[in-house]
Structure formats: C-alpha cells, structure tokens
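# Survey of secondary and tertiary structure
This is what each chain is made of:
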Amino acid sequence: NDEATLVGFEPIMTTTAAEVLAQLKRLAHPENLPGMARFGINPAGRLGLSVPEMRRIARQAGRDHRLALELWTSGIPEARIVAAMVDEPERVTPAQMDRWVRDFDSWDVCDQVCASLFDKTPHAWVKARAWAGRKQEYVRRGGFALMACLAWHNKAAPDSAFLRFLPSIRRGATDERNFVKKAVSWALRTIGKRNARLRAAALREARALRKLDSKAARWIGSDAERELSKG
C-alpha cells in the first residue's frame, strides 16, 4: 500500500523539528521537481517528497502543536504539509490560521493544510467564508478548498451550513485565476455530493453560473453540472 517501506526512511526517535527536517531532507527527490511543476506545483524550496512519505514521517512524529509551529517556520513546503499533519486542531487559533494561509504559495500546500488540519478546527466555517472574499489568490483558494474539505469530511454538519456557502461560491465564480476557479468548482461539486437536497441546490447554482457573463463562471457551472448530473 502507499505506506509500504520507503527507501531511505529511518524511524524518527525524537520529535524535534531538527530531526523531522533532517528526515525530510534525507528523503529528498529533486528529480521529481520538473514533473511536479508540470502539474502547477510551485517547485521553489521543495524537496520532491510524496504525500505517503510525508504521512509516514508525521505518523512517527505524532501530534505536537509546538512541533507544527516550528516546522512551519522552516518555509519548506513538505515541512509545512507535515506541520499540518502533526498539529493539534483544538490548539489552532484563528490568528495562526490567518498567518499560515498568507504563506500559501502553491495549491498543493493549500489543499493539504486545509484537508489535514484547518477543516478540523472550530474556526473552519468562519474562515472559509472570510477567505473566500479575500483578493490574494491562495488565500481565496484556501477559502474554497476549506469549503470542499468540510463537505468531504464533516459528516455531521447540517445542510444549512453548506447552503450558506453558496453566495460565496457565486461571488467567487467570476474570478478568472486558474487556481481559484478550480477550487470554486471543487467546493460546489463536493457540496452537491453530500445528499439529494444539496445536489439539487448545487445543480441550481451550477445552471445559474452558466448564464453569467464570465468565462470562469460558465466553466465552473459546466464542470459542476457535468459531474453532479452523472447517474
């Protein structure tokens, strides 16, 4: 499976940031960077590790809020993804979330942090709507990625919580930036997959977006309608 023995992996015997960073650097795959760049992943400062490798390291380190904060300050994308995997959601503050989201400079770090940590915090619902209204590309993507992750992971949330996201999705749909529009579509599609009621609401929104005078909105509407109409 994806957590089979990894070449070059050595169990971490301590949970210091220095040890985790050393482990990440030992596993570096610089030959992976050109391929990652072709998928729109920012290669700056990157080591080229896979997500399974980062998950294995995070599991060895265990949950540790202090460690997460220290790893984040390294600026290394893989270390920041591991930081999200080891952080303790109940100890994450709104201020920390705002600091981290401003550091996003690649869609994969944005999405991994939202899926591994931010959507498990009590502040996720407020931050999703707030960030979706920001101008910065990756902050805005973070808002819609967080909506998608909440729809994906939070099985207990009521439909009303997701219906309140639809106005933000409508406003964000006219953003022509690629990484924003893809996140808007992701949020709308994932909300629509929760149940029949939300599917109907998401389809109505998708059809409304197709009528807007915006290339991005029409693309999002078509993308969501195509997927939600299957079956």
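Look up a bit, the structure's there.
Presented here is a report on the structure given in the accompanying data block. Predicted, not measured: the structure shown is a model, and the values here were computed from it.

## Some points on the packing of aromatic side chains
Two descriptors summarise a pair of aromatic rings, namely the distance from one centre to the other and the angle between the planes of the rings. Summed over all chains, the structure comprises nine aromatic pairs. For the ring pair Trp125 and Phe165, a centre distance of 5.6 Å and an interplane angle of 15° mean the geometry is stacked. With Trp125 in helix H8 (residues 124-132) and Phe165 in the loop between helix H10 (159-163) and helix H11 (166-172), this residue pair connects regions lying 40 residues apart in the sequence. Among the aromatic residues, those joined into a ring-pair cluster are Trp72, Trp100, Phe104, Phe118 and Trp131.

## Looking at helix H12 (residues 178-192)
Residue pairs three or four apart in sequence face the same way in an α-helix, which turns once every 3.6 residues. Along its 15 residues, H12 runs 21 Å from first to last C-alpha, staying within 8% of the 21 Å computed at 1.5 Å per residue. Elements that come into contact with the buried residues of H12 comprise helix H7 (107-116), helix H9 (137-153), H10, H11, helix H13 (196-209) and helix H14 (215-228).

## Structural notes on the packing of helix H5 (residues 77-86) against H7
Where H5 contacts H7, the axes come no closer than 8 Å and their chain directions differ by 10°. In terms of their interaxial angle, H5 and H7 are classed as roughly parallel. Taking contact as the criterion, the partners of Pro77, Arg80, Ile81, Ala84 and Met85 in H5 are, on H7, Asp108, Val109, Gln112, Val113 and Ser116. Here the residues of the contact of H5 with H7 sort into six nonpolar, two polar and two charged.

## A closer look at the state of the cysteines
Inspection of the entire model under this criterion finds zero disulfides. Cys114 provides the cysteine sulfur closest to Cys110, a residue in no disulfide bond, and the two sulfurs are 4.5 Å apart. Residue Cys149 stays outside any disulfide, its sulfur separated by 5.6 Å from that of Cys114, the closest cysteine.

## A look at the nonpolar core
Judged by nonpolar contacts, the single largest core of 72 residues is most densely connected at Leu24, Leu71, Phe104, Phe118, Ile169 and Leu188. It is H9 that provides the largest number of residues to this core, a total of 10 residues. Once residues lying within four places of it in the same chain are set aside, the contact partners of Leu188 are Leu166, Ile169, Ala202, Glu205, Ala206, Leu209, Ile220, Ala224 and Leu228.

## Thoughts on the environment of Thr16
Secondary-structure assignment places Thr16 in the segment before helix H1 (17-26). On a C-alpha basis, the gap between Thr16 and Thr174 in space is 44 Å, while along the polypeptide they are 158 residues apart. Polar side-chain contacts of Thr16 include one of 3.2 Å to the backbone nitrogen of Glu19.

## Description of the pattern of salt bridges
The final tally for this structure, using the stated rule, is 18 salt bridges. Two residues, Arg66 and Asp64, come together in a salt bridge whose shortest N-O distance is 3.1 Å. Owing to a relative accessible area of 14%, Asp64 belongs among the buried residues under this scheme. Note that Lys127 and Asp98 form a salt bridge whose closest N and O atoms lie 2.9 Å from each other. On the criterion of sequence distance, the pair formed by Lys127 in helix H8 and Asp98 in helix H6 (residues 94-103) is long-range, its members being 29 residues apart.

## Looking at H5
Extensive coverage of H5 is indicated by the burial of 10 of its 10 residues. Within the span of H5, buried status applies to Pro77, Glu78, Ala79, Arg80, Ile81, Val82, Ala83, Ala84, Met85 and Val86.

## A closer look at the packing of helix H4 (residues 65-73) against H5
Following both chains from N to C, one finds H4 and H5 inclined at 165°, their axes separated by 8 Å at the closest point. The angle between H4 and H5 falls in the class roughly antiparallel. Seen from above, H4 lies across H5 with left-handed handedness. From H4, Leu67, Ala68, Leu71 and Trp72 reach across to H5, where they touch Ala79, Arg80, Val82, Ala83 and Val86. Considered class by class, the residues forming the contact of H4 with H5 number eight nonpolar, no polar and one charged.

## Looking at the environment of Met147
With respect to the helices and strands, the residue Met147 is situated in helix H9. Taking the C-alpha atoms as reference, Met147 lies 25 Å from Ser50; in sequence the two are 97 residues apart. Those residues in contact with Met147, other than ones at most four positions away along the chain, are Ala128, Arg129, Ala132, Phe162, Phe165, Ser168, Ile169 and Ala187.

## Observations concerning the side chain of Ser185
Positionally, Ser185 belongs in helix H12. The buried category is assigned to Ser185, whose relative accessible area is 0%. Setting aside chain neighbours within four positions, we find Ser185 in contact with Trp219, Ile220, Asp223 and Ala224.

Reading the values: the criteria
Residues numbered from 1 in each chain as written. Predicted model: local features only at pLDDT ≥ 70, side-chain atom pairs only at ≥ 80, totals over all residues. Heavy atoms only, no water. Phe/Tyr/Trp six-rings, centres within 6.5 Å; stacked < 30°, edge-to-face > 60°. Helix = DSSP H or I, 4+ residues; strand = E, 2+ residues; numbered from the N terminus. Expected span 1.5 Å × (residues − 1). Contact = heavy atoms within 4.5 Å. Axes fitted to C-alpha atoms, helices over the stretch in contact; angles between N-to-C directions. Parallel < 35°, antiparallel > 145°, perpendicular 65-115°, else oblique. Nonpolar A, V, L, I, M, F, W, Y, C, P; charged D, E, K, R; others polar. Disulfide = S-S within 2.5 Å. Core = buried A, V, L, I, M, F, W, Y, C linked by side-chain atoms within 4.5 Å. Buried < 20%, exposed > 50% of the residue type's maximum accessible area, 1.4 Å probe, protein only. Polar contact = N/O pair within 3.5 Å; in protein donor to acceptor, adjacent residues only side chain to side chain. Salt bridge = Lys/Arg side-chain N within 4 Å of Asp/Glu carboxyl O. Left-handed = near helix turned anticlockwise from the far one by under 90°.

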